[in-house]
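Survey of secondary and tertiary structure
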Amino acid sequence: MALINENYLKLKAGYLFPEIGRRVTEFQKANPDKKIIRMGIGDVTRALPSAIVKAFQDGVSEMANEATFRGYGPEQGYDFLREAIAKNEFQDRGINIVADEIFVSDGSKCDTGNILEIFGMGNKIAVGDPVYPVYVDTSVMAGRTGEGLSNGYYEGLVYMPCKAENNFIPELPTEKVDIIFLCFPNNPTGTTASKEELAKWVKYARENKAIIMYDAAYEAYIQDSTIPHSIFEIEGAKEVAIEFRSFSKKAGFTGTRCAYTIIPNELKAYTEKGEAVAVKPLWSRRHSTKFNGVSYPVQRAAAAVYSEEGKVQVQEIIDYYMENARLMKEALQSVGYTVFGGTNAPYVWIKTKNNQTSWDFFDKLLNDVNVVGTPGSGFGASGEGYFRFSSFASRPNVIEAMERIKKAGL
Ligand code: PLP
């Protein structure tokens, strides 16, 4: 008798985006003449810049020629990409990360989901609330939680509420935790953490022999020069943190797939007897056993993000999305919404008016002005009463969506 992994049965049905899709499809069927503007899912919309496309094509051409053809590459990534990342993302910013600490992968979703595999089942895991759902769902799948509760939480996880009252920065947990997922700039709230705030977490992790899983998928959107792009800007973080980065939002790679994870040489976790074990060799072993590397042309394309032309073109697209965010923020504030995020992140996070629930606001927005956003409650109980707009849209659509909201007096 083949047994299934019953942890999968604990997962809540009706995951956020399918439910949004269902409601939008139903509305469109009933109203085929209405033009729906989608500002819900956090997928980019601008095409890959030409410098990246050229490198991608050159990589493909090399594969067509026996003299330059490549088969399996190094599982951890080609040196040319690891070195370009180390230099441009870290060393040029004065952060001491070397190529050997960087593991290239096909996405931060996979990395943040897979990383727990090298850590013991007895770890207490803390997550923000609201939160990028992958950290929670992969913990459930791996049997690291108990049952799902009626408020959307799972037994066994420690939830750290992020609300306007704490500027959407989680407070240090009162119970001792071992693994902490932090994401800044945050999805979904669009908020960032200062060096002082991150330093508190690094101190906590050092004192409790805990590890911070720092998801910096949106760091390229930081505009304010005082905000850290990396947890490794904080002194002592290399002993207690892993960082996840992705080319998805930085350079439009959501469909191309390339990301990387940084595991410092100094990072240690412990056996039950308390012996310290270096983490990096374990991830390296895992990567070599279960992953065969990102395709060569994709890694060539990713390296082009750091060419002179690539840097300019990537920045132009980031600026475009951030101008969208500015326009959205301005328009929503002008009609009386309290607006968060959107200045150092591509997400604008609003408080609904008159305590309207997130899903009620979703339905109203869809029905009255045919605009789609994401209900905050879909990211966690503390997201109730909030709503996320993504700036990954075309400028004309952003302008039209905001005009419709203003005109309808929503
Ligand atoms: N981390 C966060 C916080 C995200 O919002 C996303 C995508 O939306 C990812 C990771 C996934 O990145 P990737 O496309 O590299 O898998």
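For the structure itself, consult the block above.
Scoring rules and cut-offs
- Residues numbered from 1 in each chain as written.
- Predicted model: local features only at pLDDT ≥ 70, side-chain atom pairs only at ≥ 80, totals over all residues.
- Heavy atoms only, no water.
- Axes fitted to C-alpha atoms, helices over the stretch in contact; angles between N-to-C directions.
- Helix = DSSP H or I, 4+ residues; strand = E, 2+ residues; numbered from the N terminus.
- Parallel < 35°, antiparallel > 145°, perpendicular 65-115°, else oblique.
- Contact = heavy atoms within 4.5 Å.
- Buried < 20%, exposed > 50% of the residue type's maximum accessible area, 1.4 Å probe, protein only.
- Pairing = 2+ DSSP bridges.
- Near = heavy atom within 4 Å.
- Polar contact = N/O pair within 3.5 Å; in protein donor to acceptor, adjacent residues only side chain to side chain.
- Areas by Shrake-Rupley, 256 points an atom, 1.4 Å probe, with all protein chains shown as cover.
- Nonpolar A, V, L, I, M, F, W, Y, C, P; charged D, E, K, R; others polar.
- Salt bridge = Lys/Arg side-chain N within 4 Å of Asp/Glu carboxyl O.
- Core = buried A, V, L, I, M, F, W, Y, C linked by side-chain atoms within 4.5 Å.

We now examine the packing of helix 3 (residues 50-63) against helix 11 (residues 308-334). The geometry of helix 3 relative to helix 11 is characterised by a closest axis approach of 7 Å and an angle of 130 degrees between their N-to-C directions. With respect to helix 11, the axis of helix 3 lies oblique. Of the residues in helix 11, those in contact with Ser-50, Ala-51 and Ile-52 of helix 3 are Glu-309, Gly-310, Gln-313 and Val-314.

Counting buried positions along strand 15 (residues 386-390) gives 5 out of 5 residues, so the element sits mostly inside the fold. Burial along strand 15 is two-sided: Tyr-386, Arg-388 and Ser-390 and Phe-387 and Phe-389, pointing in opposite directions, are all buried. Relative to strand 15, strand 12 (residues 347-351) is paired through 5 bridges, and the arrangement is antiparallel. Residue pairing for strand 15: Ile-350 is matched across the bridge by Phe-387. Where strand 14 (residues 374-375) and strand 15 come together, 2 bridges link them in antiparallel fashion. Bridge pairing in strand 15 links Pro-375 to Phe-387.

Moving on, we get to the sheet that holds strand 2 (residues 102-105). In spatial order, the strands read 2-8-7-6-5-3-4; together these 7 strands make up an open sheet with mixed pairing. At either end of the open sheet lies a strand with only one pairing partner, and these are strand 2 and strand 4 (158-161). Within the sheet, the average angular offset between the axes of one strand and its neighbour, ignoring direction, is 20 degrees. Where strand 7 (residues 241-246) lies against strand 8 (residues 259-262), 4 bridges are found, and the strand directions are antiparallel. Within strand 8, the position partnered with Ser-246 by the bridge is Ala-259.

To continue, consider the site of the ligand. Taken together, 14 residues surround the ligand, and among them Asp-215, Tyr-218, Ser-246, Ser-248 and Lys-249 come closest. Between the ligand and Lys-109 there is a distance of 2.9 Å, counted from an oxygen atom to a backbone nitrogen or oxygen. Note that a nitrogen atom of the ligand is positioned 2.7 Å from one of the side-chain N or O atoms of Asp-215. With the chains in place, 91% of the 400 Å² that the ligand exposes on its own is no longer accessible. Grouping the amino acids of the shell around the ligand by side-chain chemistry returns 5 nonpolar, 5 polar and 4 charged.

This part covers the pattern of salt bridges. Scanning the entire structure with this criterion turns up 28 salt bridges. Close ionic contact of Lys-54 with Asp-58 constitutes a salt bridge, the shortest N to O distance being 2.8 Å. With a gap of 4 residues between them, Lys-54 and Asp-58 both fall in helix 3, about one helical turn apart. Classification of Lys-54 as partly exposed rests on a relative accessible area of 48%. The partner of Arg-326 in a salt bridge is Glu-323, with the nearest N and O atoms 2.8 Å apart. Within this pair, Arg-326 and its partner Glu-323 are both found in helix 11, separated by 3 residues, close to a single helical turn. Residue classification places Glu-323 among the partly exposed residues on the basis of a relative accessible area of 26%.

Among the 6 residues of strand 7, 6 are classified as buried, and the element is accordingly described as predominantly covered. Burial along strand 7 is two-sided: the residues Ala-241, Glu-243 and Arg-245 and Ile-242, Phe-244 and Ser-246 are all buried. Here strand 6 (residues 211-215) pairs with strand 7 via 4 bridges, running parallel. The residue of strand 7 that forms the bridge with Met-213 is Ile-242.

With that settled, consider the side chain of Thr-374. Position of Thr-374 relative to the elements: it lies in strand 14. Contact partners of Thr-374, with chain neighbours within four places excluded, come to Leu-16, Phe-17, Ile-20, Gly-40, Ile-41, Phe-379, Phe-387 and Arg-388.

Here we take up the nonpolar core. Ile-180, Ile-212, Phe-247 and Phe-253 are the most contacted members of the largest nonpolar core, which has 64 residues in total. For Ile-212, the contacting residues outside a window of four places in its chain are Ile-180, Leu-182, Trp-201, Val-202, Ala-205, Ile-231, Val-240, Ala-241 and Ile-242. Of all hydrophobic cores here, the second largest spans 38 residues; its members include Ile-20, Ala-325, Leu-366 and Ala-393.

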